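Fold and contact review
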Amino acid sequence: MSIKQVLQIGHPVLAARAAEVDVDRIRSAEVQCWIDDMIDTMRDANGAGIAANQIGIPYRLFTIEVGNNPRYPYKPPIPLTVVINPEIEFLSDETFSSNEGCLSVPQIRGRVDRYVHIRVSYYDRNGEGQSSEVKGYSACTWQHEYDHLDGILFPHRVTDPTSFCSWSVFQEYQQAEFSDEVRNLVEKWGA
Ligand code: NI
């Protein structure tokens, strides 16, 4: 287990579509080591999630975890989840304007429309198939991580370029209002 360097926007491994993990290899020492490195790197950087290609591993898996996160104090908690070969189905047309940042995009945040009710299907780190509904703000986090596997970073999805702002400007001028928006979303959808 070790903390890896996080690749930055424009790196060719981040920009490419990642490959499916061979399900028979999920329990191998190599894939288990990838997962442990992802968890260590995510936690070290206070990320809410990290995709394998962000640490140079060009395969379709990511981890998500939200506790008391200083980078994202308004995010509802998500237990540590290891997600391999995910598929996402949208269960509602409703979207939320999510103000996002990314470990691979230094300094900048921006607004991205995300669906708020999805079904996720994936393999866990034991190679077991999983399927569940994800609602509210947590659904935004899932879609952000899933996008990484297709080489998509949040700036690629920003439709209003005037929404780009620095982290410090966000904290000073926008975070309180955005936290209210997240709270309203969570009250409606439950996560
Ligand atoms: Ni990201």
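Preceding block: the structure.
So, here is what we can say about the structure in this document. (Residues numbered from 1 in each chain as written. Predicted model: local features only at pLDDT ≥ 70, side-chain atom pairs only at ≥ 80, totals over all residues. Heavy atoms only, no water.)

**Focus on the coordination of the nickel ion**
Using the following cut-off: The rule for donors is simple: an N, O or S atom within 2.8 Å of the metal counts, and for Na, K and Ca the reach is 3.2 Å. Water is not among the atoms, so a site may look short of donors. Runs of H or I in DSSP of at least four residues are treated as helices and runs of E of at least two as strands, each being numbered from the N terminus.
Coordination of the nickel ion by the protein involves Cys102 (SG), His144 (NE2) and His148 (NE2), with metal-donor separations of 2.1 to 2.3 Å. Ordering the donors of the nickel ion by residue number gives the pattern C-x41-H-x3-H. Taken together, the residues Cys102 in strand 4 (residues 95-102) and His148 in helix 3 (residues 136-149) connect sequence positions 46 residues apart.

**Re unusual backbone geometry**
In the Ramachandran plot, Asn46 falls in the positive-phi region, its phi being about 55° despite a non-glycine side chain. One can find Asn46 in the loop between helix 2 (29-44) and strand 1 (49-51).

**Observations concerning the packing of aromatic side chains**
The criterion, for reference: Here a pair means two rings of Phe, Tyr or Trp (six-membered ring of Trp) with centres within 6.5 Å. Their orientation is stacked below 30 degrees between planes, edge-to-face above 60, and tilted elsewhere. Accessibility here uses a 1.4 Å probe with only protein chains present; expressed as a share of the type maximum, an area under 20% marks a residue as buried, one over 50% as exposed, and anything in between as partly exposed.
Scanning the entire structure with this criterion turns up 13 aromatic pairs. Measuring from ring centre to ring centre gives 6.4 Å for Tyr72 and Tyr74, while their planes differ by 85°; the resulting arrangement is edge-to-face. For the pair Tyr72 and Tyr74, a shared accessibility class is recorded, and that class is buried. Taking the centre distance of 5.7 Å and the plane angle of 90° together, the rings of Phe96 and Tyr137 count as edge-to-face.

**Structural notes on the sheet that holds strand 4**
Whenever strands of a sheet pair, they do so through backbone hydrogen bonds, lying parallel or antiparallel. As a reminder of what qualifies: For two strands to pair, DSSP has to find at least two bridges joining them.
In spatial order, the strands read 4-5-8; together these three strands make up an open sheet with antiparallel pairing. At either margin of the open sheet sits one strand with a lone partner, and together these are strand 4 and strand 8 (165-166). Relative to strand 5 (residues 105-115), strand 4 runs antiparallel, the two sharing seven bridges. Residue pairing for strand 5: Asn99 is matched across the bridge by Arg111.

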